[in-house]
Amino acid sequence: MHLHLLFPPSISINLPPSSPRRLIQRRRRSAKPPRASIAVGSGKDDAFTKYSGYLFNNGASSEAEFLEEYDLRAISRIYRQKPLLVLRRFVQISVTFGRWFAARYLDSLSDRSDEMFKIRAAELRMLLLELGPTFVKIAQAVSSRPDVIPPAYLNELSLLQDRIAPFSTELAFSIIEKELGTPVDILFSEITPEPIAAASLGQVYKARMRKNGKIVAVKVQRPGVKAAISLDIYILRYLAGILRRAGKLNTDLQALIDEWASSLFREMDYRAEARNGIKFRELYGGFKDILVPEMHIDESSKRVLIMEWIEGRRLSEVKDLYLVEVGVYCSLSQLLDYGFYHADPHPGNLLKSSDGKLAYLDFGMMGEFRQELRDGFVEACLHLVNRDFDGLAKDFVTLGLLPATAQKDEVTKALTGVFENAVNRGVRNISFGDLSGNLGRTMYKFKFQIPSYFSLVIRSLAVLEGIAISFNPNYKVLSSSYPWIARKVLTDSSPKLQSSLQTLLYKDGVFQIDRLESLLTESLRARTEESLTRGTEEDSKNNSRTAIKQALSFTLTEKGAFVREILLQEIAKGIDALGVATLETTASRFPLFISPTTLGNEDVNNLRNLRRLVLLFSRVQNSNQETEVDNSQESKHSSSEEISLVLNQMASVQDITPILSVIPELPPESQEQLLRLPVDLAGRLLSRAFARTIRRLFI
């Protein structure tokens, strides 16, 4: 829930410790019900309690309220004994949506669809409020995609994030006292008389702790939400089973609902949320320009959470692309470094704090991404961008998107048709819409399925893209993600990723220089924590020294050892081939001189790769410009022409000077590693020359 939005100063109640229940008693004598502030809702009534209160009033579903976690068997047992309650809820849901769809249909018949568009959007929001938290949560999931949801609906659904009419403050204070076992005025010296924000599962008050004077947010769970969600999940699972059988769908819709329901139940346990917040703060709170509130877990319970108050505005409102980049960097670290990620990063949970940082809120819905799935996700992105659709098909099996029995050749052909056009436009132009647009056509034929974990992972990135698109329609989150992924592939010590890199760079034993060039160029575009500075991306276009220093630092450190080994190996091959080509060219010009060896096809390829490597090093200073290599345009030169091209590039002082100038700025250990490189390279050349001599003498 989106707790700490920046509103006009609220009136706080000063609570004298000598009158613990005076505030509540005064409220009970009041003739008027507590009124919501403008900040949290536009109406005076709590629509959920008014229209769906029968689900939990008078103990209608008291057993469901006491469930500790999502337990399908227990929920089924509870509601099989309450068929009339289930029937009443089913009818309410059907009639509520039926009326709305009927109104939309009549609008289309009378040619009033455009005229009534905004009105129907507002009506949809109101009926979602009537039905309660389950349906509000579904709406929140889609309210962050301006490229998918029409603006009128987007505006209305965004109000569901923290501007829902609150329930009674008198009831909220009684819940606080019951849960924490202490009167409100003993806990707090000040507290706002009305909630600052209210959402589907609870509402938030701003208060000052009496014992230490800290300003905190007090989050109180809405009564009846667990009973309502339990019954709604019971009904939705039943409908999902019918839909899957009728539509012969491959995806297990009931499993998706179960995963979502499990996360909702975890979100309703505020002590679990506090533990998640503490872990999230430990892992990511030290990141540059990331702010994670402190949790007061000792003063919290299952239905009341006390946490640090953060002043800020929604990220979607301030239009700060830099903070979106910070969010992408942090999300990638969550997903691929640590595997513990925020699974509900909708606009209300991402704020720009008053000191300009990206603040994460609401840690009820978190996800765990296992190591093998993390590696599979990285490999899938790598294979997609490099058009290795055969490898992508295998990745889909690893990720659980395809069954192991799928025919790989047919799948590869289908994936080529689905993704090739999107990928051909370049990695910086690919959006999630491009990737999913045509995938549905292959879903049925190859038994594609959406694993329950996968929807949360994709959503965590899609939400960030949606926020950015709202003020930059050309923003692509994959464009920001892929450089980070490229750097991870080049630097990760995981045997699986190193094997994937080896396979990617050597196709049928032939070194794919264009793929290495793409990876290195993109990896230098990756935003590191040190480079996340406002204006860096624009300024770095003319800052070749930064790119060169990054490249050298990377290849000379332990993380770059694997890539350094590949580069040394290919440079040695190229210099060896250059020596052979030079001897052969000399022999052709002087008939009396006999070349000790001849240039083979492999040597020609090695010479060509050397030329490309030299060219790559010269392009490092232009790493912010996208490099697309077209192999079909690779000219076939004679050995003498290749020699001339290599020597001309190597002799270019203007390309070598920037590289030499940054060497003194490298760390001492990197400089030592650099000094060892010539010796290592000489050893490799001697080894190749010796092997070539042996082959010539005995073969």
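In what follows, the structure referred to is the one given above.
Here is a short report on the structure shown in this document.

Reading the values: the criteria
Residues numbered from 1 in each chain as written. Predicted model: local features only at pLDDT ≥ 70, side-chain atom pairs only at ≥ 80, totals over all residues. Heavy atoms only, no water. Helix = DSSP H or I, 4+ residues; strand = E, 2+ residues; numbered from the N terminus. Buried < 20%, exposed > 50% of the residue type's maximum accessible area, 1.4 Å probe, protein only. Contact = heavy atoms within 4.5 Å. Expected span 1.5 Å × (residues − 1). Phe/Tyr/Trp six-rings, centres within 6.5 Å; stacked < 30°, edge-to-face > 60°. Lys NZ or Arg CZ within 6 Å of the ring centre and 35° of its normal. Salt bridge = Lys/Arg side-chain N within 4 Å of Asp/Glu carboxyl O. Patch = residues over 30% accessible without salt bridge, like charges linked within 9 Å, V, L, I, M, F, W, Y side chains within 5 Å. Areas by Shrake-Rupley, 256 points an atom, 1.4 Å probe, with all protein chains shown as cover. Core = buried A, V, L, I, M, F, W, Y, C linked by side-chain atoms within 4.5 Å. Pairing = 2+ DSSP bridges. Axes fitted to C-alpha atoms, helices over the stretch in contact; angles between N-to-C directions. Parallel < 35°, antiparallel > 145°, perpendicular 65-115°, else oblique. Nonpolar A, V, L, I, M, F, W, Y, C, P; charged D, E, K, R; others polar.

**Topic: the overall build of the protein chain**
A count of helices and strands for the protein chain gives 31 helices and 14 strands. Across the 699 residues that make up the protein chain, the buried fraction comes to 54%. For the protein chain, long-range pairs separated by at least 24 residues make up 76% of all intrachain contacts whose partners lie at least 6 apart in sequence.

**So, helix H6 (residues 117–131)**
Taking 1.5 Å per residue as the helical rise, H6 with its 15 residues ought to reach 21 Å, and the 21 Å between its terminal C-alpha atoms agrees with that figure. Of the residues making up H6, those classed as buried are Arg120, Ala121, Leu124, Arg125, Leu127, Leu128, Leu129, Glu130 and Leu131. Where H6 ends, the next residue or the one after it, Gly132, has phi of about 105°, a positive value.

**As for unusual backbone geometry**
Positive phi outside glycine occurs at Asp289, with the angle close to 60°. Here Asp289 shows up in the loop between helix H13 (270–284) and strand E6 (290–291). Unlike most non-glycine residues, Arg387 shows phi in positive territory, near 60°. Among the secondary structure elements, Arg387 is positioned in the loop between helix H16 (371–385) and helix H17 (389–398).

**Description of the packing of aromatic side chains**
Scanning the entire structure with this criterion turns up 17 aromatic pairs. Each residue in the set Phe280, Tyr284, Phe287, Tyr329, Tyr338, Tyr360 and Phe363 is aromatic and connected to the rest through ring pairs, giving one cluster. Lying across the ring of Tyr54, Arg88 places its NZ or CZ 3.7 Å from the centre. Between the NZ or CZ atom of Lys279 and the centre of the ring of Phe340, over which it lies, the distance is 4.2 Å.

**A short note on the pattern of salt bridges**
As enumerated under the stated definition, the model contains 27 salt bridges in all. The partner of Glu68 in a salt bridge is Lys302, and the shortest N-O contact between them spans 3.0 Å. With a gap of 234 residues between them, Glu68 in the loop between helix H3 (62–65) and helix H4 (72–80) and Lys302 in the loop between E6 and strand E7 (304–308) connect regions that are remote in the sequence. What makes Glu68 exposed here is its relative accessible area of 54%. Lys302 gets classed as partly exposed once you look at its relative accessible area, which sits at 35%. A salt bridge links Lys496 to Glu379; its shortest N-O distance comes to 3.7 Å. Within this pair, whereas Lys496 is found in helix H23 (residues 495–505), its partner Glu379 is found in helix H16, the two being separated by 117 residues in sequence. Of the residues examined, Lys496 reaches a relative accessible area of 31% and is grouped as partly exposed.

**Side note on a nonpolar patch on the surface**
A cluster of nonpolar side chains, namely Leu84, Leu87, Phe90, Val91, Val95, Tyr238, Leu239 and Ile242, defines an oily patch on the protein surface of about 750 Å² accessible area. At the level of elements, helix H5 (83–109) and helix H11 (225–247) are the ones that each hand at least two residues to the nonpolar patch. With five residues, the top contributor of residues to the nonpolar patch is H5. With respect to the helices and strands, Phe90 occurs in helix H5. Residue class for Phe90 comes out partly exposed when judged on its relative accessible area of 34%.

**Section: the nonpolar core**
Counting residues in each nonpolar core, the largest one holds 150 residues, and the members touching the most others are Tyr79, Leu336, Phe369, Phe377, Leu415, Phe419 and Leu519. The element best represented in this core is helix H15 (residues 321–338), accounting for ten residues. In this structure, Ile176, Val184, Phe188 and Met209 belong to the second largest nonpolar core, which totals 18 residues.

**Let's talk about the sheet that holds strand E10 (residues 350–353)**
Read from one edge of the open sheet, four strands run E6-E11-E10-E8, paired in mixed fashion. Strands with a single pairing partner mark the edges of an open sheet, and in this sheet they are E6 and strand E8 (312–314).

**Comments concerning the packing of H13 against H15**
H15 packs onto H13 with a crossing angle of 100° between their chain directions and a minimal axis gap of 11 Å. Taken together, the axes of H13 and H15 are roughly perpendicular relative to one another. Every residue of H15 that contacts H13 at Phe280, Leu283 and Tyr284 is listed here: Cys330, Ser333, Gln334 and Tyr338. Among the residues forming the contact of H13 with H15, the class breakdown is five nonpolar, two polar and no charged.

**A short note on the pairing of strand E4 (residues 202–209)**
A large share of E4 lies buried, amounting to six of its eight residues. Here strand E2 (residues 188–191) runs beside E4; their pairing, made up of three bridges, is antiparallel. Bridge assignment links Phe188 to a residue of E4, and that residue is Met209. Where strand E3 (residues 197–198) meets E4, two bridges bridge the pair, whose relative direction is antiparallel. Within E4, the position partnered with Ala197 by the bridge is Val204. As consecutive antiparallel partners, E3 and E4 are separated by three residues.

**Re the environment of Ile78**
Tracing the sequence through the fold places Ile78 in helix H4. Of the residues examined, Ile78 reaches a relative accessible area of 1% and is grouped as buried. For the pair Ile78 and Leu231, spaced 153 residues apart in the sequence, the C-alpha separation amounts to 9.2 Å. When sequence neighbours within four positions are dropped, the list of residues in contact with Ile78 reads Glu63 and Ala64.

**Some thoughts on the packing of H4 against H11**
The N-to-C vectors of H4 and H11 enclose an angle of 90°; their axes lie 10 Å apart at closest approach. As summarised for this structure, H4 and H11 are arranged roughly perpendicular, according to the angle between their axes. Residues Leu72, Ile75, Ser76, Tyr79 and Arg80 of H4 form the contact with H11, whose own contacting residues are Ala227, Ser230, Leu231, Tyr234 and Arg237. Among the residues making up the contact of H4 with H11, the classes are represented as six nonpolar, two polar and two charged.

None of the figures reported here should be taken as evidence of function without further support.
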